[in-house]
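Here is what each chain is made of, one letter per residue.
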Amino acid sequence: QVQLVESGGGLVQSGGSLRLSCAAFGIFFSIHDMAWYRQAPGKHRELVADITRVGNINYGDSVKGRVTIPRDNAKNTMSLQMNNLKPEDTAVYYCSARPIRGTSHWGQGTQVTVSS
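Residues numbered from 1 in each chain as written. Predicted model: local features only at pLDDT ≥ 70, side-chain atom pairs only at ≥ 80, totals over all residues. Heavy atoms only, no water.

Asks: Even after reading the chapter, I still don't get the side chain of Ser-79, so can you show me in this structure?
Replies: Turning to its location among the elements, Ser-79 is positioned in strand S9 (residues 77-82). Residue contacts for Ser-79: discarding those within four places in its chain leaves Arg-19, Leu-20, Ser-21, Trp-36, Thr-68, Ile-69 and Pro-70. (Helix = DSSP H or I, 4+ residues; strand = E, 2+ residues; numbered from the N terminus. Contact = heavy atoms within 4.5 Å.)

Asks: Would you take a moment to explain the packing of aromatic side chains for this structure?
Replies: Working definition: an aromatic ring pair is given by the centre-to-centre distance plus the angle between the planes. Taken as a whole and judged by the stated rule, the model has 1 aromatic pair. When the ring centre of Tyr-94 is taken as reference, the NZ or CZ atom of Arg-45 above it lies at 3.9 Å. (Phe/Tyr/Trp six-rings, centres within 6.5 Å; stacked < 30°, edge-to-face > 60°. Lys NZ or Arg CZ within 6 Å of the ring centre and 35° of its normal.)

Asks: Teacher, can you tell me more about the pairing of strand S5 (residues 46-51) here?
Replies: Successive side chains on a regular strand alternate, one facing one side of the sheet and the next facing the other. The pairing of strand S4 (residues 33-39) with S5 spans 5 bridges and is antiparallel. From the neighbouring strand, Trp-36 faces S5, where its bridge partner is Ala-49. With antiparallel pairing between neighbouring strands as the criterion, S4 and S5 make up a hairpin whose turn holds 6 residues, including Gly-42 at a positive phi of roughly 80 degrees. Two elements, S5 and strand S6 (residues 57-59), share 3 bridges in a ladder whose sense is antiparallel. Among the inter-strand pairings, Ala-49 is bridged to a residue of S6, identified as Tyr-59. Counting the residues in the hairpin turn of S5 and S6 gives 5 residues, including Gly-55, whose phi is positive at 95 degrees. (Pairing = 2+ DSSP bridges.)

Asks: Mind showing me how you'd approach a nonpolar patch on the surface here?
Replies: Nonpolar side chains collect at one region of the surface, where Phe-28, Ile-31 and Ile-100 lie side by side and expose about 300 Å² of accessible area between them. Mapped onto the fold, Ile-31 is located in the loop between strand S3 (18-25) and S4. (Patch = residues over 30% accessible without salt bridge, like charges linked within 9 Å, V, L, I, M, F, W, Y side chains within 5 Å. Areas by Shrake-Rupley, 256 points an atom, 1.4 Å probe, with all protein chains shown as cover. Salt bridge = Lys/Arg side-chain N within 4 Å of Asp/Glu carboxyl O.)

The following block contains the structure:
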């Protein structure tokens, strides 16, 4: 059974940092493109950053220069290091694994709240 388990969310002050982690179970991790998405109340889910199976990285415009998205294929994990957080970064953050074929897998999400 495929499971993506996010952790590391919480409450942080504006300007602070957080590191989210995603642990993958039940998939051949290294052949999946991985991504972080987020969804704020009343808004559509948006891409934060993604990293392909060969290491190509794409960042959402709203977070460029403030986040990195390392992955560790040996440990089946992916992280999202977020710096200089802003109140508008408040959202539920989701981990996603996209296989070569078929539908993407999603985690349950982790809440990030940035206070001003």
